[in-house]
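Overview (structure and organization)
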Amino acid sequence: MKDVRASRRIVFQGLGALGVAVALAGCGGGESEAPEVEAGTELATTDEVPVGGGVVLTEEKVVLTQPTDGEFKAFTAVCTHQGLTVTSVDGDTIRCSHHGSAYSATSGEVTGGPATQALAEVAIEVDGDRILSA
């Protein structure tokens, strides 16, 4: 029986190719899905979401905005570029500082790449001063 052993060069080339494949798979954009937050969960109070701005709830993976006084919007906080969590809301823009993507705080549509797909809207309801997942 012939002894077949892989040389270190072959092993390292194989590992290098595997690493490149994994890295490229992670670079693809993806659709932004709504996070799974149980209906009725209190996300925030209305006074925690500034008018003309918003807040990122990293644990829930939800971003809440208040484009105009009393109008609340919610979107997934998962950036459609690489699936990282968006980092801030700056006026009417939801920002992902990881790679520079930007989204409308009113519609979730992309306003600046590299992301090419909008943030998914998350259903919410306002009950008095509480913002709840719907």
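These remarks concern the structure in this document. (Residues numbered from 1 in each chain as written. Predicted model: local features only at pLDDT ≥ 70, side-chain atom pairs only at ≥ 80, totals over all residues. Heavy atoms only, no water.)

**What about the sheet that holds strand 1 (residues 42-45)?**
Where we set the bar: Pairing between strands is defined by DSSP: at least two bridges between them are needed. Runs of E in the DSSP output that reach at least two residues are strands. Runs of H or I that reach at least four are helices, and both are numbered from the N terminus. Orientation is described by lines fitted to C-alpha atoms, with helices fitted over the stretch in contact, and by angles between N-to-C directions that extend from 0 to 180 degrees.
Here three strands make up an open sheet; going across it, the order is 1-10-9 and the pairing antiparallel. Where the open sheet ends on each side, the last strands, each with one partner, are strand 1 and strand 9 (124-127). Taken pair by pair, the neighbouring strands of this sheet meet at an average axis angle of 25°, ignoring direction. In this structure, strand 1 lies alongside strand 10 (residues 130-133), joined through three bridges in antiparallel fashion. From the neighbouring strand, T45 faces strand 10, where its bridge partner is R130.

**Observations regarding the sheet that holds strand 3 (residues 62-68)**
The strand order 2-3-4 describes an open sheet built from three strands, whose pairing is antiparallel. Strand pairing shows two members of the sheet lacking a second neighbour, strand 2 (53-57) and strand 4 (71-76), which therefore form its edges. Across the sheet, the mean angle separating the axes of adjacent strands is 20° when strand polarity is ignored. Inspection of the sheet shows strand 2 paired to strand 3 by five bridges, in the antiparallel sense. Bridging across to strand 3, V55 finds its partner in L64.

**A short note on unusual backbone geometry**
Along the chain, G113 connects to P114 via a cis peptide bond; the corresponding omega equals 25°. Note on placement: P114 falls in the loop between strand 8 (110-112) and strand 9. Its identity is not glycine, yet K61 carries a phi of approximately 60°, on the positive side.

**Concerning the nonpolar core**
Going by this rule: To qualify as a nonpolar core, a set must consist of buried Ala, Val, Leu, Ile, Met, Phe, Trp, Tyr and Cys residues joined through side-chain atoms within 4.5 Å. Residue burial is assigned from relative accessible area. The probe radius is 1.4 Å, only protein chains are included, and a residue is buried under 20% of its type maximum, exposed over 50%, and partly exposed in between. Two residues qualify as a contact provided that any one of their heavy atoms is within 4.5 Å of a heavy atom in the partner residue.
V63, F75, A77, C79, V86, V89, I94, C96, Y103, A105, A115 and L119 together form the largest nonpolar core, which totals 12 residues. Non-local contacts of V63, meaning those with residues more than four positions away in its chain, are made with V55, V56, K73, A74, F75, T76, A77, V89 and I94. Residues L43, L57, A74 and I124 belong to the second largest nonpolar core, which totals 11 residues.

**Some points on the pattern of salt bridges**
Keep this limit in mind: By convention in these notes, a salt bridge is any Lys or Arg side-chain nitrogen within 4 Å of a carboxyl oxygen on Asp or Glu.
The full count for this structure, using the stated rule, is three salt bridges. Taking the shortest distance from any N to any O, the salt bridge between R95 and D90 comes out at 3.4 Å. You can call R95 partly exposed: its relative accessible area is 33%. In this structure D90 comes out as partly exposed when scored by relative accessible area, which is 44%. Between R130 and D127 there is a salt bridge, with its nearest N and O atoms 3.3 Å apart. Connected through shared salt-bridge partners, E42, D127 and R130 make up one network.

**Things to note about the side chain of T76**
As a reminder of what qualifies: N or O atoms within 3.5 Å of each other form a polar contact, as long as, within protein, one can give a hydrogen and the other can take it, and as long as residues adjacent in sequence are counted only when both atoms are side-chain atoms.
Relative to the helices and strands, T76 resides in strand 4. Judged by its relative accessible area of 0%, T76 falls in the buried class. There is a polar contact of 3.2 Å between the side chain of T76 and the backbone nitrogen of V78.

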